[in-house]
Amino acid sequence: MRSAMTVLFLAAMTLGLIRSPAHADDAKPKRAEGGAHTQTQPEVDNSTPEERMKRRFPQKVRVGDLRGLPLLDEDDRTLGHVTEVVRMPNGRIVLVSRCDDWFGHGGRLIGIPIETVAILARHLNVLDIPGKDFPSLPSWKEADGAVIADDDIIRIAISRR
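Reading the values: the criteria
- Note that residues are indexed from 1 along each chain, following the sequence as it is written.
- Residue-level local features of this predicted model are given only where pLDDT is at least 70; pairs of side-chain atoms are given and counted only at 80 or more, and the full residue set underlies all totals for whole chains, interfaces and linings.
- No hydrogens and no water enter the side-chain calculation; it runs on all heavy atoms of the structure.
- Per the convention used, a helix needs a DSSP run of H or I reaching at least four residues, while a strand needs a run of E reaching at least two, with both numbered from the N terminus.
- A simple rule labels every residue: compare its accessible area, found with a 1.4 Å probe on the protein chains alone, to the largest value its type can have, and call it buried under 20%, exposed over 50%, or partly exposed in between.
- When checking whether two residues touch, look at their non-hydrogen atoms; a contact exists if any pair is within 4.5 Å.
- Accessible surface is estimated by sampling points in the Shrake-Rupley manner with a 1.4 Å probe; for residues, cover comes only from the protein chains shown.
- We count a salt bridge whenever a side-chain nitrogen from Lys or Arg sits within 4 Å of a carboxyl oxygen from Asp or Glu.
- Nitrogen and oxygen atoms within 3.5 Å of one another constitute a polar contact, given that in protein one can donate a hydrogen and the other can accept it, and given that sequence-neighbouring residues count only through two side-chain atoms.

I keep staring at the overall build of the protein and nothing clicks. Help me out?
From N to C terminus, the protein includes two helices and 11 strands. Each helix and strand of the protein, placed in order from N terminus to C terminus, yields the pattern α-β-β-α-β-β-β-β-β-β-β-β-β. By residue count, 31% of the 161 residues in the protein fall in the buried class. Intrachain contacts of the protein at a sequence separation of at least 6 include 57% that bridge at least 24 residues. Here the protein displays about 11400 Å² of accessible surface, and carbon together with sulfur accounts for 56% of that area.

Please clarify how unusual backbone geometry should be interpreted in this entry.
Backbone geometry places Asp76, a non-glycine residue, at a positive phi of 60°. Mapping Asp76 onto the fold places it in the loop between strand E4 (70–72) and strand E5 (78–87). The exposure class of Asp76 is partly exposed, given its relative accessible area of 44%. In this model, Ala121 sits at a positive phi of 60°, which is unusual for a non-glycine residue. Within the element layout of this structure, Ala121 appears in the loop between strand E8 (117–120) and strand E9 (123–126). A relative accessible area of 64% means that Ala121 is categorised as exposed.

Is there a simple way to think about the pattern of salt bridges in this case?
Two side chains with opposite charge may pair up if their charged atoms get near one another. In total, this model carries seven salt bridges according to the counting rule given. Taking the shortest distance from any N to any O, the salt bridge between Arg62 and Asp65 comes out at 3.1 Å. The partly exposed category is assigned to Arg62, whose relative accessible area is 31%. Overall, Asp65 belongs to the partly exposed group, its relative accessible area being 36%. Connected through shared salt-bridge partners, Arg62, Asp65 and Asp151 make up one network.

Sorry if this is basic, but what is going on with the side chain of Ser97 here?
The topology assignment puts Ser97 in strand E6 (residues 93–99). Ser97 sits in the buried class, given a relative accessible area of 0%. Separated by 3.1 Å, the side chain of Ser97 and the backbone oxygen of His81 make a polar contact.

Spelled out as structure tokens, the structure:
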């Protein structure tokens, strides 16, 4: 009985009566509403950094645990380390790091909005600012914001690879 069902199933598939499900690696063009074939284009994300952060499942973290963490770009190159976590007058949180330094010495301080990074283990992934743009970020001045205490809890997005 079982072999007869198998033969009927294989015959139905061969005749096209039963279709196999589509696979993610199928490279077939999709049909537009007008009937013409089109290639799928990657969607452009026009959302704000705050909206993207909300989609990255922000979790609570102790501020003191962020100090000293490396900031990595998309190629896992270290762009700097978090020296301070500050709250700006408008309520936004900024991670302060040195940029253009030489082996961890010198360089100027810059502010990286917390909405543009995500934590992964013991480092921070810079997701929304390309590494090549780091030198063009504005300098951060101590008067720009108030340092947040180490024991305060804030939210930061989480990342995965």
